[in-house]
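Structural overview
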Amino acid sequence: MAAGLPAGSGPLPKADAQFAAPDMAQVRLGQLLFYDPILSGNRTVSCATCHHPRFATSDGVSLGLGDGGTGLGPERRSDPHNPPEQRIPRNAPALFNLGASQFRTLFHDGRLEVDDADPMGFRTPLGADMEQGFEGVLSAQTMFPVLSPDEMAGHYSENDVAQAVRQGFYTGPNGAWAILSARVATIPEYQRGFAALDGTQIPLHFSDISNAIAAFMAFEWRADDSPFDRYLRDETPLPAQAAKGLELFYGAAGCGTCHSGQFQTDQNFHAIGLPQIGPGKAARFERHKRDEGRMRVTGAPQDAYRFRTPSLRNVAHTAPYGHNGAYGDLRAMVRHHLTPETALRGYTPDQAMLPALDGAEDFSNLYDDAETDRIAAAIELPPVSLTEPELDAILAFLNSLSDPVSLKGRLGVPEQVPSGLPVE
């Protein structure tokens, strides 16, 4: 049964998300791999380092510390014996519902996206050099963090994976993915686990590993039973203030224009004028500290400073917000949407949540008027006027997008992993 439309609201989405049936043996194998640091160059970082259920599948900071950090979430600090070269340049996105068929575009800039015309079924930064055998776009996504020096690989020649990445060897027998696959294949529990899966061949390919991790993420963090979902499915009433917020969200406030669909994302890219903080997204030879978003993928000037519309499922728990985590407070992030240029020009560093890192110049671009002007010129959002009670109502609606089961996770954090390395 479709939910009735509140007075003054536009069309509401349908509760029609499609999820593949899970293979629980593969899911449980993926759980172990997700939490196992064996997949990082220095064997110190797991997927969970930046995507932990304690922080609603993110890491609780604006820009994280990957390789070279110690600890978890806001307590993570630079390892004095092997410090990070820089922060990870973008905020760690939440993982909810990425197994739904609606999610066809991943990463903040959409550099990985479904493309039915491509023989692989999607486009990636590696193009024809990408490995084969993925069960979906979510599986392909898990291939890339292990290649990032700042996230999981490590830097320069400090380990075999980092050395392969440094030389541009990703695929093939000497590539980074083959090195990691061989590590996993030497561990008896993983050997038995993969051998028991239908269709998995020995020796392992990294796509076997990524398929298992993707199956786990899709199962563990499926989030389609929030109060809002129940309202869409059978008209279970929302609390009065949340209902008022729904009316505004899909009506006068215009939020539903971009935050559309059951999970509040149009899968598209928009420039909303977030300030530049952190190291920016640049190649090692580039000296700038800016992040031009989608333009780095398409090369099109009109895509400058556009970023993918995030899903809002469990948004009340996934702070900080924005592609670079510029806002640690949800109310402040909503306010930014109302008057984006004013918020951009008035932004102050205390609104970010950044773990200490010696030598980091996190806010240098805040004081670059030319860069601020470029970001402001790209803004697509029209100003919106809301009263404080109306803002309260929208926040109440955003809270109604929380799904407690998904926040807790269905399998949870394992006590130990087959490599014997510490579990965070």
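Our subject is the structure listed above.
Overview of the structure. Please read these numbers as outputs of a predicted model, since none were measured by experiment. (Residues numbered from 1 in each chain as written. Predicted model: local features only at pLDDT ≥ 70, side-chain atom pairs only at ≥ 80, totals over all residues. Heavy atoms only, no water.)

1. Brief notes about the packing of helix H10 (residues 240–249) against helix H15 (residues 388–399)
Counted only if it meets this: Each axis is a line fitted through C-alpha atoms, taken for helices only over the stretch in contact, and angles between the N-to-C directions span 0 to 180 degrees. The numbering of helices and of strands both runs from the N terminus, where a helix is a DSSP run of H or I of at least 4 residues and a strand a run of E of at least 2. Geometric relationships in this document are graded by angle, where less than 35 degrees denotes roughly parallel, more than 145 denotes roughly antiparallel, 65 to 115 denotes roughly perpendicular, and other angles denote oblique. Note on contacts: a residue pair qualifies if any of its non-hydrogen atoms lie within 4.5 Å across the two residues. Three classes are used, and their members are as follows: Ala, Val, Leu, Ile, Met, Phe, Trp, Tyr, Cys and Pro are nonpolar, Asp, Glu, Lys and Arg are charged, and the others, Gly among them, are polar.
Interaxial distance between H10 and H15 falls to 7 Å at its minimum, and their mutual angle equals 100 degrees. Regarding the angle of H10 to H15, the classification is roughly perpendicular. Packed against H10, whose contacting residues are Gln 241, Ala 242, Lys 244, Gly 245, Leu 246, Leu 248 and Phe 249, the element H15 presents Glu 390, Asp 392, Ala 393, Ile 394, Ala 396, Phe 397 and Leu 398 at the interface. Across the contact of H10 with H15, the residue classes tally to 9 nonpolar, 2 polar and 3 charged.

2. Observations concerning empty space enclosed by the protein
Rule in force here: Only protein atoms enter the 1 Å grid used here. Points where a 1.4 Å probe fits but cannot escape make up a cavity, open sets with protein on both sides within 12 Å along at least five of seven lines make up a pocket, and a residue lines them when an atom lies within 4 Å of a point. Grid points are joined across faces, edges and corners, and a volume is the space filled by probe spheres set on the points.
A complete count under the given rule lists 1 cavity of 30 Å³ or more for this structure. Size it by volume and the largest cavity reaches roughly 50 Å³. Split by residue class, the lining of the largest cavity holds 4 nonpolar, 3 polar and 2 charged.

3. Some points on unusual backbone geometry
Quick note on the threshold: For every residue, the accessible area (1.4 Å probe, protein chains only) is compared with the maximum for its type, and the residue is labelled buried under 20%, exposed over 50%, or partly exposed between those bounds.
Following Ala 319, the chain continues into Pro 320 via a peptide bond in cis, with omega recorded as 0 degrees. Topologically, Pro 320 is positioned in the loop between strand S7 (307–308) and helix H12 (330–338). With a phi angle near 65 degrees, Thr 57 is a residue other than glycine that sits in the positive phi range. Looking at the element boundaries, Thr 57 is found in the loop between helix H2 (47–50) and strand S1 (69–70). In this model, Tyr 156 sits at a positive phi of 50 degrees, which is unusual for a non-glycine residue. Its relative accessible area of 36% is what places Tyr 156 among the partly exposed residues.

4. Some details on the nonpolar core
The condition is simple: By nonpolar core we mean a set of buried residues, namely Ala, Val, Leu, Ile, Met, Phe, Trp, Tyr and Cys, connected to one another through side-chain atoms within 4.5 Å.
Ranked by internal contacts, the top residues of the largest apolar core, which has 61 residues, are Leu 33, Phe 34, Leu 39, Val 184 and Phe 194. Of all elements in the fold, only helix H1 (24–34), H2, helix H3 (137–141), helix H4 (149–153), helix H5 (160–166), helix H6 (176–185), helix H7 (188–195) and helix H8 (206–220) reach the threshold of two or more residues within this core. Looking at this core, the element that brings in the most residues is H8, giving 8 residues. Apart from residues lying up to four places away in sequence, Phe 34 is in contact with Ser 46, Cys 47, Ala 48, His 51, Leu 95, Ile 213, Phe 216, Met 217 and Trp 221. If you look at the next biggest cluster of nonpolar residues, it comprises 39 residues, including Tyr 250, Ile 277, Val 315 and Leu 366.

5. Topic: H15
Under the convention used in this document: Expected helix span is given by 1.5 Å per residue-to-residue step, counting one fewer step than there are residues.
Across its 12 residues, H15 extends 17 Å between first and last C-alpha, which sits within 8% of the 16 Å expected from 1.5 Å per residue. The complete set of buried residues in H15 reads Leu 391, Ala 393, Ile 394, Leu 395, Ala 396, Phe 397 and Leu 398. Taken together, the buried residues of H15 touch helix H9 (227–234), H10 and H12.

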